[in-house]
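Commentary on secondary and tertiary structure
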Amino acid sequence: MTSTAFRYLPLVLLALAWEAVARFNIVDSQALPPLSKVAVAWFDLMRDGSLVSNGAVSLYRGSVGLLLAILIGGGLGMAMARWRLFDVFVNPLVQLFYPLPKSALIPVTVIWLGFGDGSKILLIFLACMIPVTIGAYNGARGSEQVLVWSARSMGASRMRMMWDVVMPSALPELLNGVRTALALAFILIVSSELIASQQGFGYLIGYLGSTGAYEAMYAVVLTVAFLGFTADRVYQVIMQWLLQWRE
Amino acid sequence: MAAAMARVDDQPTLAAAAADLTQAAARRLDLVFRSGAALLSILLLLICWELFARSGRVTMFMLPPFSVVAEQIKTDALSGDLWRNLGVTLYRALAGFAIAACIGIVLGVSMSRNRVVRWFCDPIISVGFPMPKIAFLPVIILWLGVYDVSKICVVVFDAIFPVVTATLAGIAAVDKELVWSARNMGASERQLTWQIMLPAAAPQILTGLQVALPIALIVEIIAEMVMGGYGLGGAMMSASRFANSPGVFAGIVEIAVVGFLLIRAMAVLRRRLLSWHQETAE
């Protein structure tokens, strides 16, 4: 207990330094409002419901896009690993899109689907699919050929073999790809809402910033940062649980 | 006798050499086949794009044909806009990346060599790494304005975390016996850092840099889109404001090419820097 407290003491010190710097006007309190005022602004935002309603929109967009990316990207990666002809033609396209800085897609998704949910979901889906596909591909390629052959010779159908043999052996790398995708989803959801949206965390941050409500803006920024951190931690726990069967 | 022995020994080596040759030939054939298929599939994608855009199922605004987009890129290139935007984007992204690399490696090394630094930075790094730091973009604009400095700062802020964690992990994985023997032979702490730990951790540090580079590009484009001004991302944003959809698609193609070339260059750099390492020999 004390060791945990000692470990996270620097964060507390940082928070205290923030409060002190802002309180004693060492920096402009417009640019850096004291942490205590930010906390007050956070409770206000929670009470009037704008944080919850915008947050729900963001999380909905993010989770639908990510889920689609995991399902389709994972399937694509495993199919690429198993069917050589498919791999030969699809892999170059994956390689082509892999280095594309995904944020470049923001204006295009807006052109296609407008300012609402659709464009954000499409963006998250397209961007997150790549790391999941590559993870699934590398993982499934590593699955032992002997296991595949024995499953086939014991009469497993192709689909069955994919599910029972290839999927489990691809799982560790697939899950790592999903972790990258999760981080990417947070980055893109916030930035695309900041650039082109009328709802969501990113919109709320931009709106509060432009009206000069900096305390509230800080409150939303910290909330998003905290959610991203928590999502990653929760995901790590799930990942460990899913990989328990490996010794 | 000795000659006969040699001949007997020669045969398997010859056979092995022949096998090596056929294997190399097969590998080369495979490579040719694969790169041919790669070109073909990219070509197919472009043709499908062109045909679909011209089929009348989508409007010119939704998806301009590739030829129109290529024309737009050519116009931008001839007027010089492309080069100016490209230069600005590359400058900020690479400056931010370079600063993040330097500070990140120094911070990683000092965290692994100094317990106080480690105690202070460890929770900040482990909490900060998974955070979507892009949310702090408006805060950085508030502090530093919308010009180069703030864009570079946003890039540094995002790209530094993978470098620090990779450096930490790389140094933690350095063979203990390597360190002991260096100490035993009288290496000073400075020599230990520069001549033992950094080279031994180099593969992992470079992996960290390879993670950080695409992040730097993504963030630079976002920063330009939010703050406006010159740059490939800024140009895309103003094109989309004027409903100039060939301009938007031209931006995607340009940014894709930049990303592709930079990431390739990084992989080449890795192979160069690690030419002494067994990883490259494979």
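Being a predicted model, the structure only gives us computed values, none of them experimental.

1. Here's the deal with the overall build of chain A
A tally of helices and strands in chain A yields 10 helices and 0 strands. Since a compact globule built from 247 residues should have a radius of gyration of about 18 Å, the 22 Å found for chain A marks it as more spread out than a globular shape. Taken along the three principal axes of its C-alpha coordinates, chain A extends 75 × 50 × 30 Å. Every one of the 247 residues in chain A was classed for burial, and the buried ones make up 43%.

2. Some points on the overall build of chain B
When helices and strands are counted, chain B shows 11 helices and 0 strands. Its helices and strands taken in sequence order, chain B reads α-α-α-α-α-α-α-α-α-α-α from the N to the C terminus. For chain B, whose C-alpha radius of gyration is 26 Å, the value lies well above the compact-globule estimate of 19 Å for 282 residues. Relative to its 282 residues, chain B shows a buried fraction of 34%. In chain B, once contacts between residues fewer than 6 apart in sequence are set aside, the share between residues at least 24 apart is 72%.

3. Re the packing of helix 6 (residues 117-141) of chain A against helix 8 (residues 158-195) of chain A
Residue and element names in this part refer to chain A. At a minimum axis distance of 7 Å, the contact between helix 6 and helix 8 shows a crossing angle of 155°. Between helix 6 and helix 8, the angle falls in the class roughly antiparallel. The handedness of the crossing between helix 6 and helix 8 is right-handed. Per-class residue counts for the contact of helix 6 with helix 8 are 20 nonpolar, 8 polar and 3 charged.

4. Let's talk about the interface of chain A and chain B
How large an interface is tends to be reported as the accessible area lost when its parts come together. Contacts between the two partners involve 41 residues from chain A and, on the opposite side, 43 residues from chain B. Those elements that provide at least two residues to the side of chain A that touches chain B are helix 1 (2-23), helix 4 (84-97), helix 5 (106-113), helix 8, helix 9 (201-210) and helix 10 (214-242) of chain A. Among the elements that take part in the side of chain A that touches chain B, helix 10 of chain A stands out by supplying 9 residues, more than any other. Among the residues making up the side of chain A that touches chain B, the classes are represented as 33 nonpolar, 5 polar and 3 charged.

5. Description of helix 10 (residues 245-273) of chain B
For helix 10 of chain B, which comprises 29 residues, the first-to-last C-alpha distance of 42 Å matches the rise-based estimate of 42 Å (1.5 Å per residue) to within 8%. All of the buried residues along helix 10 of chain B are Ser 245, Gly 247, Val 248, Phe 249, Ala 250, Gly 251, Glu 254, Ile 255, Val 258, Gly 259 and Leu 262 of chain B. Residues of helix 10 of chain B that are buried in the fold lie against helix 5 of chain A together with helix 2 (66-79), helix 3 (81-113), helix 8 (189-227) and helix 9 (232-241) of chain B.

6. Let's talk about the nonpolar core
Counting 128 residues, the largest nonpolar core has Ile 124, Cys 128 and Val 220 of chain A together with Ala 216 of chain B as the members making the most contacts within it. Broken down by element, the residue count for this core peaks at 21 residues, all from helix 8 of chain A. With residues up to four places along the chain from it excluded, the contact list for Ala 216 of chain B reads Ala 93, Gly 96, Phe 97, Ala 100, Val 155 and Ala 159 of chain B.

7. Digging into the packing of helix 3 (residues 50-82) of chain A against helix 8 of chain A
Each pair of packed helices can be described by the angle between their axes along with the distance between the axes. Residue and element names in this part refer to chain A. The contact between helix 3 and helix 8 brings their axes to 8 Å, and the two run at 145°. With respect to the hand of their crossing, helix 3 and helix 8 are arranged in right-handed fashion. Counting all contacts with helix 3, which are made through Ser 58, Arg 61, Gly 62, Gly 65, Leu 66, Ala 69, Ile 70, Gly 74, Met 78 and Arg 82, the residues of helix 8 involved are Met 162, Val 166, Met 167, Ala 170, Leu 174, Val 178, Ala 181, Leu 182, Ala 185, Ile 189 and Glu 193.

8. Overview of the confidence of the model for chain A
Averaged over chain A, the pLDDT score is 88; the fraction of residues at 70 or greater is 99%. When mean pLDDT is taken per element in chain A, helix 3 of chain A scores highest with 93 and helix 7 (residues 145-153) of chain A scores lowest with 78.

9. A word on the domain arrangement of chain B
Taken domain by domain, chain B holds domain 1 (1-57) and domain 2 (66-281). Placing the centre of domain 1 of chain B and that of domain 2 of chain B at their C-alpha centroids yields a distance of 34 Å.

Calculation rules
Residues numbered from 1 in each chain as written. Chains lettered and ligands numbered in written order. Predicted model: local features only at pLDDT ≥ 70, side-chain atom pairs only at ≥ 80, totals over all residues. Helix = DSSP H or I, 4+ residues; strand = E, 2+ residues; numbered from the N terminus. Rg over C-alpha atoms; globule rule 2.2 N^0.38 Å. Buried ≥ 20, exposed ≤ 12 C-beta atoms within 10 Å, placed from the backbone. Contact = placed C-beta atoms within 7 Å. Axes fitted to C-alpha atoms, helices over the stretch in contact; angles between N-to-C directions. Parallel < 35°, antiparallel > 145°, perpendicular 65-115°, else oblique. Left-handed = near helix turned anticlockwise from the far one by under 90°. Nonpolar A, V, L, I, M, F, W, Y, C, P; charged D, E, K, R; others polar. Expected span 1.5 Å × (residues − 1). Core = buried A, V, L, I, M, F, W, Y, C linked by C-beta atoms within 7 Å. pLDDT = per-residue confidence, 0-100. Domains from an automatic or database assignment.

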